[in-house]
Amino acid sequence: MTSRPEYYTPQPYDPYAEDEPQGGWFNSEGYVPRRPQAHDAHEGYVPRQPQAYDAHEGYVPRQPQVYDVPEGYDYDPRTYPYQQLDDQPTFALRTVTQPAEPAEPGYHVPDTPEVGWDMAASRRRAWVSRAVLLFVLAVQAVLSLRLSNTAFQDEALYLAAGHAELQHLLHGTPLPVDYAAYFSGSPQLYPVLAAVIDGRFGLTGARLLSLAFMLGTTTLLYSFTRRLFNERAALAGAALFAVVQSTVVMGYFATYDAAAVFLLALATWIVVRTDRAPVGAVLLAAPVAVLAVGVKYAAGLYLPTIVVLALLTGWPHKGGRAFWRMLLLALGIGALLAAGMYATDLLAGVRQTTTDRDHGSDGAAFLLQRSAEWGGLMFLAAAGGAISYVRRSRMNESPLAQRLGNPGWRWRALLGLVLCGTALLAPAYQVHLGTVVSLFKHVGFGLLFAAPMAGVGVTRLIGAHFRYPQLGIMLWTATLCLGISQADWRFGVWPDSSRMIQVIDSHVNREGHYLASTPEVPVYYLREKTSQRQWQGAFAMEYTDKKGRHHSGDAGYRAAVRDGEYDLIVLDGLTNPRVDAVVADAVTGNPHYRLLADLPFRNSSGTGHYRIWTKAS
Amino acid sequence: MQLKKRFRAGCAALVCCLAGVLALGGCSLLGDDSGGPARSGAGAAPHSGASADPAIPYDVTPLLKPEKKYFGAAVPGAPNSMKNVDVYTKTVGKQPNLVEYYAGWGDGFDATGVRNAWAEGALTLMSWEPFDTPVADIAAGRSDEYIEEYATAVRRLNLPVVIDFADEFNGHWEKWGTNHVTPAQYVAAWRHIHRTFVDAGATNVIWAWSPNIVNPVRNVRLEPYYPGDAYVDWVGLIGYFTAGEDNAFDSVFGPTRDQIRTFTKKPVLLLETAAMPGERRRADIRNLFAGVEADDDMLGFVWFDHKKRADWRLEASPLALKEFKRLAADDRFGFDVRKPS
């Protein structure tokens, strides 16, 4: 006997061995003995016998026992003619020689490892998880691509600005307005890039650029989550992130959000990826992070998270030197930001659109409710993951994982806090500003950071060995359903402007002066025929009449319409309903205007009308 | 072996991806039918000309003041039956591009007639006459249901239509004339009808305000009857060259035109005109063509080719008809309203 557990190990068996007791336990008449005795046991063909089988090597058949004889209702002595209850066994007739000691086998049974699989990364695992990631990306792409509508006013504004900036850069054409003064991102970065794509491939091309950015973001998210935790958490995190409203919409929305979130993801990826590299390597993330802020100023809100991540990711490998890593990154980013602000005149735009933005009137409860609807489920998964991660660090079923050096609970708690807390930054800031504008996009920015923890949450929900996959599937499906419906709703908020554009196309030229609820849209679509300077919007009005009297606000609209200032008036009744009502009232009974078209549309909130008046000659 | 395995794994992953993509893509394919009426071009009116998309309201702007003159006719039965228009065309040698008909207040909208005329390149002018409904009632909104239904039908047709309401309002001979209706009531009714049409989105209507020429009723001032430029596209004059009057163009239409020019600059159409049969007819016709041609603000004329009170039909005077034919051949008269420019 060995010290190994007592289990049966098969041994080679030679059925032609000389000492094989042919018909050993068959009696001369060939029927099965009823009760084999202990001395039947010998080398070779051994009847099953509880007392003896351990002692013998060789093939052990299951010996039919007496009690195997069917005794039930179908027992028929005619079927078992020999199976008499008082049959006696017949023993072998010749003497069995004592078998020789078995020779050492010519092979070696290796020691069974403690676990039957390898924890370490393997090529197969990498390919499997990449295939799953590919599927996640395909789902994300399909969700984004199924959205359709004409350009939203922000998209139209940035693309039109991009075209103007491009003309300015290439041919020195003066800009119609100083975009830098009121844009929430640099007009020289994303808008120019998008305009180049738009000029070549149209709005769809510009939107596909955003899709590429968002797919890149999901991929980077997968990559750094894998580095932080493992493939499973990475895939789960990426799968959740890929289907939330913000990701789906930003992936088909030609604004600088997709580019900014991609750059943030890239900066984070660099920080995580260089955790074991020399401290200085973290500086690679600085220009990327600063570029993200340049593309969209609000991205600056997430820089502290990236800086703290530099500390946290470095800590397990570098200990105290990770502080240097953090400091270096903070200094690098700070220096580049300072240089950027010094070199450009963007600060005014930053102030107006981001930091000193006009406070809105949306209540905190409303904003929090909206944030919860748009990112709550994923945030809950992340919070659950963070708590679970603090309680237990082990990320692998393998018992070996227990013995790995895991970072302490404080580190884990800090990581969870930083990642989940980042998701709360945008809602908190928007509550401070009191505006729901762009909230859905900013929720998405935060979810990028919460996604790794959400991935951990999902793996914990599913449990070790995929014990409760249905829970993970349920969570993902719920997120997917919410994401699809919210994204569809979001993309239907603004009316399809194609018919409006078609109607006004023949009524605009280089000289006219036009009033529109959303001038950005016709400015973009009719950029070959008109310039932004010819269009007046519904938000700010300064008008000086022919007698030199100055009017502003509602009085300005009334006076301008009364004087027949505009050659075309396009109201949608959505963008600024109050001003639309003022203008519509001023147009009623106005001898200068004739209703050109009344175009009903259907949007997410129901139905509405484009009303278009043209100046009667 | 290794390669084969990897290939199989790759294939499996690809199949999974495709299945997922198709499953999700299905949603979008199914959801695409909400693309709005812009894409559902199946019901496009066959003769809608410039606007192929029925969801785009017909833009009547180019028809408001076209470069060439309208060459119109009012013939019995048209435009519901274009037979008489075709006869008229054969008689005068030119296809009219404006066909007038008369409808009573309460009649349904003759969309078929408008379509018939459009198919031959002609605009329809409907003279809407409130025989049995007091104008004050219309102004007070008692006919709103009818107007709304009418306006919806006009919008749905999506072809341009000229409407004049209660023509010759300045005459005492009509039921809606000066003996029965005050200027304020008339203006209120006009504005009310116009507003109802605009609210229904029927922007394809050209509104022609149609007084009789002031010559027989010089004491009735027109301005109080004018609803305002916001409610009117054309001024439609009704006046005939009659016997026993000075028949110079300016004598017939001049006083009215001059009075109208004091309060509006809207272009003028001779919405109903003809010349008394007789020896002077030839000269009248010459005056008519010359007068319309001479004035840039004159949009054209509609010849009243009926035998009503007098025989206004052109065929009644062969010599005058010959002259009419000769003058109508001028390229400045008539154009295909489906391609105004």
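Residues numbered from 1 in each chain as written. Chains lettered and ligands numbered in written order. Predicted model: local features only at pLDDT ≥ 70, side-chain atom pairs only at ≥ 80, totals over all residues.

- Chain B is annotated in an unreviewed UniProt entry as Beta-mannanase of Streptomyces actinomycinicus.
- The UniProt entry for chain B carries the following text under Sequence similarities (unreviewed entry): "Belongs to the glycosyl hydrolase 26 family." (UniProt positions renumbered as here; feature names shortened; annotations may be inferred.)

- Under an unreviewed UniProt entry, the name given to chain A is Glycosyltransferase family 39 protein, and the source organism is Streptomyces actinomycinicus.
- According to UniProt, the comment filed for chain A under the heading Subcellular location (unreviewed entry) is "Cell membrane".

Describing the overall build of chain B
Argument step 1. Tallying secondary structure elements over chain B gives ten helices and ten strands in all.
Argument step 2. Looking at chain B as a whole, 43% of its 341 residues are labelled buried.
Argument step 3. When contacts within chain B are restricted to residue pairs at least 6 apart in sequence, long-range pairs at least 24 apart make up 79% of them. (Helix = DSSP H or I, 4+ residues; strand = E, 2+ residues; numbered from the N terminus. Buried ≥ 20, exposed ≤ 12 C-beta atoms within 10 Å, placed from the backbone. Contact = placed C-beta atoms within 7 Å.)

Structural notes on the overall build of chain A
Argument step 1. When helices and strands are counted, chain A shows 18 helices and seven strands.
Argument step 2. In chain A, which comprises 617 residues, the share counted as buried stands at 42%.
Argument step 3. Considering only intrachain contacts with a sequence separation of at least 6, the fraction spanning at least 24 residues in chain A is 72%.

Things to note about the pairing of strand 7 (residues 268-273) of chain B
Residue and element names in this part refer to chain B.
Argument step 1. With six of six residues buried, strand 7 lies mostly within the body of the structure.
Argument step 2. The pairing of strand 6 (residues 234-238) with strand 7 spans four bridges and is classified as parallel. For Val 235, the partnering residue across the bridge sits in strand 7 and is Val 268.
Argument step 3. Regarding the hand of the β-α-β motif, the stretch spanning strand 6, helix 8 (residues 249-260) and strand 7 is right-handed.
Argument step 4. Here four bridges tie strand 7 to strand 8 (residues 298-304), and the two strands are oriented parallel to one another. Looking across to strand 8, one finds that Leu 270 is bridged to Phe 301.
Argument step 5. In this region the chain leaves strand 7, passes through helix 9 (residues 281-294) and returns to the parallel neighbour strand 8; the handedness of that crossover is right-handed. (Pairing = 2+ DSSP bridges. Right-handed = clockwise from strand over helix to strand, strands pointing away.)

Examining the packing of helix 4 (residues 231-243) of chain A against helix 14 (residues 469-491) of chain A
The description of two helices packed together rests on the angle between their axes and the distance between the axes.
All names here are of chain A.
Argument step 1. Between helix 4 and helix 14, the shortest axis-to-axis distance is 8 Å and the interhelical angle comes to 20°. When the axes of helix 4 and helix 14 are compared, the pair comes out roughly parallel. Packed against helix 4, whose contacting residues are Ala 236, Ala 239, Leu 240 and Val 243, the element helix 14 presents Gly 472, Trp 476, Thr 479, Leu 480 and Gly 483 at the interface.
Argument step 2. Here the contact of helix 4 with helix 14 is composed, by residue class, of six nonpolar, three polar and no charged. (Axes fitted to C-alpha atoms, helices over the stretch in contact; angles between N-to-C directions. Parallel < 35°, antiparallel > 145°, perpendicular 65-115°, else oblique. Nonpolar A, V, L, I, M, F, W, Y, C, P; charged D, E, K, R; others polar.)

A short note on the environment of Ala 478 of chain A
All names here are of chain A.
Argument step 1. Secondary-structure assignment places Ala 478 in helix 14.
Argument step 2. For Ala 478, a count of 12 C-beta atoms within 10 Å puts it in the exposed group.
Argument step 3. C-alpha of Ala 478 to C-alpha of Leu 377: the two residues are 101 residues apart in sequence and 8.3 Å apart in space.

A closer look at the sheet that holds strand 1 (residues 514-516) of chain A
All names here are of chain A.
Argument step 1. The five strands lie next to each other as 2-1-5-7-6, forming an open sheet whose pairing is mixed. A strand with exactly one partner marks an edge of an open sheet, and here the two such strands are strand 2 (535-536) and strand 6 (593-603).
Argument step 2. With ten bridges joining them, strand 6 and strand 7 (residues 606-615) adopt antiparallel strand pairing. Bridging from a neighbouring strand, Leu 595 pairs with Trp 613 of strand 7.

Remarks on the packing of helix 13 (residues 439-462) of chain A against helix 14 of chain A
Residues and elements named next belong to chain A.
Argument step 1. Two numbers describe how helix 13 lies on helix 14: the axes approach to 10 Å, and their chain directions differ by 165°. Here helix 14 runs roughly antiparallel to helix 13, going by the angle between their axes. Classified by chirality, the crossing of helix 14 by helix 13 is left-handed. Contacts from Phe 440, Val 458, Leu 461 and Ile 462 in helix 13 reach Pro 469, Leu 471, Gly 472, Leu 475 and Arg 490 in helix 14.
Argument step 2. Looking at the contact of helix 13 with helix 14 residue by residue, the class counts come to seven nonpolar, one polar and one charged. (Left-handed = near helix turned anticlockwise from the far one by under 90°.)

A look at the pairing of strand 5 (residues 568-571) of chain A
All names here are of chain A.
Argument step 1. Of the two faces of strand 5, the one lined by Leu 568 and Val 570 and the one lined by Ile 569 and Leu 571 are each fully buried.
Argument step 2. Taken together, the three bridges between strand 1 and strand 5 define a ladder with parallel strand orientation. Among the inter-strand pairings, Ala 516 is bridged to a residue of strand 5, identified as Val 570.
Argument step 3. In the sheet, strand 5 pairs with strand 7 via four bridges, with the strands oriented antiparallel. Bridge pairing in strand 7 links Ile 569 to Trp 613.

Description of the UniProt feature "domain: Glycosyltransferase RgtA/B/C/D-like" (unreviewed entry) in chain A
Argument step 1. Taking the UniProt record as the reference, the feature "domain: Glycosyltransferase RgtA/B/C/D-like" (unreviewed entry) is found at residues 202-327 of chain A.
Argument step 2. The span residues 202-327 of chain A is 78% helical and 0% strand by assignment, and the distance between its end C-alpha atoms comes to 44 Å.

With respect to the confidence of the model for chain B
Residue and element names in this part refer to chain B.
Argument step 1. Chain-level statistics for chain B give a pLDDT mean of 85 and a share of 84% at 70 or above.
Argument step 2. Confidence over residues 20-51 falls short of pLDDT 50; this stretch has 37 contacts with residues more than four positions distant or in other chains.
Argument step 3. As scored by the predictor, the complex reaches a pTM of 0.80 and an ipTM of 0.85. (pLDDT = per-residue confidence, 0-100.)

Description of the sheet that holds strand 5 (residues 205-209) of chain B
All names here are of chain B.
Argument step 1. Strand order in the closed barrel formed by eight strands is 1-2-3-4-5-6-7-8, with parallel pairing between adjacent strands. Pairs of neighbouring strands in the sheet enclose a mean axial angle of 30°, with direction left out of account.
Argument step 2. Relative to strand 5, strand 4 (residues 161-165) is paired through three bridges, and the arrangement is parallel. In the strand pairing of strand 5, Val 162 is matched with Ile 206.

Here's the deal with helix 12 (residues 409-433) of chain A
Residue and element names in this part refer to chain A.
Argument step 1. Helix length check: helix 12, at 25 residues, gives a terminal C-alpha distance of 36 Å against a target of 36 Å (1.5 Å per residue), a fit within 8%.
Argument step 2. Residue Thr 422 marks the point of greatest curvature in helix 12, where the axis turns by about 30°.
Argument step 3. Residues Arg 412, Leu 415, Gly 416, Leu 419, Cys 420, Thr 422, Ala 423, Ala 426, Pro 427 and Gln 430 constitute the buried set of helix 12. (Expected span 1.5 Å × (residues − 1). Bend = angle between axes of the 7 residues up to and from the residue.)

Some remarks on the environment of Asp 144 of chain B
Argument step 1. Following the sequence through the fold, Asp 144 of chain B ends up in helix 6 (residues 144-157).
Argument step 2. Sequence-wise, Asp 144 of chain B and Asp 284 of chain B are 140 residues apart; in three dimensions their C-alpha atoms are separated by 43 Å.

Points about the environment of Gln 259 of chain B
All names here are of chain B.
Argument step 1. Along the chain, Gln 259 falls in helix 8.
Argument step 2. Sequence-wise, Gln 259 and Leu 222 are 37 residues apart; in three dimensions their C-alpha atoms are separated by 7.5 Å.
Argument step 3. Once residues lying within four places of it in the same chain are set aside, the contact partners of Gln 259 are Val 214 and Leu 222.

A closer look at the confidence of the model for chain A
Argument step 1. For chain A, the average pLDDT comes to 85, and 82% of its residues sit at 70 or higher.
Argument step 2. A low-confidence stretch, residues 36-58 of chain A stays under pLDDT 50, and its non-local contacts, those more than four residues away or across chains, total 43 contacts.

Notes on helix 13 of chain A
Because each turn of an α-helix spans 3.6 residues, side chains separated by three or four positions in sequence point in the same direction.
Residue and element names in this part refer to chain A.
Argument step 1. At Ala 450, helix 13 shows its largest kink, close to 50°, and the proline Pro 452 lies no more than four residues downstream.
Argument step 2. Most of helix 13 sits out of view: 23 of its 24 residues are buried.
Argument step 3. The positive-phi residue at the C-terminal boundary of helix 13 is Gly 463, with phi of around 85°.

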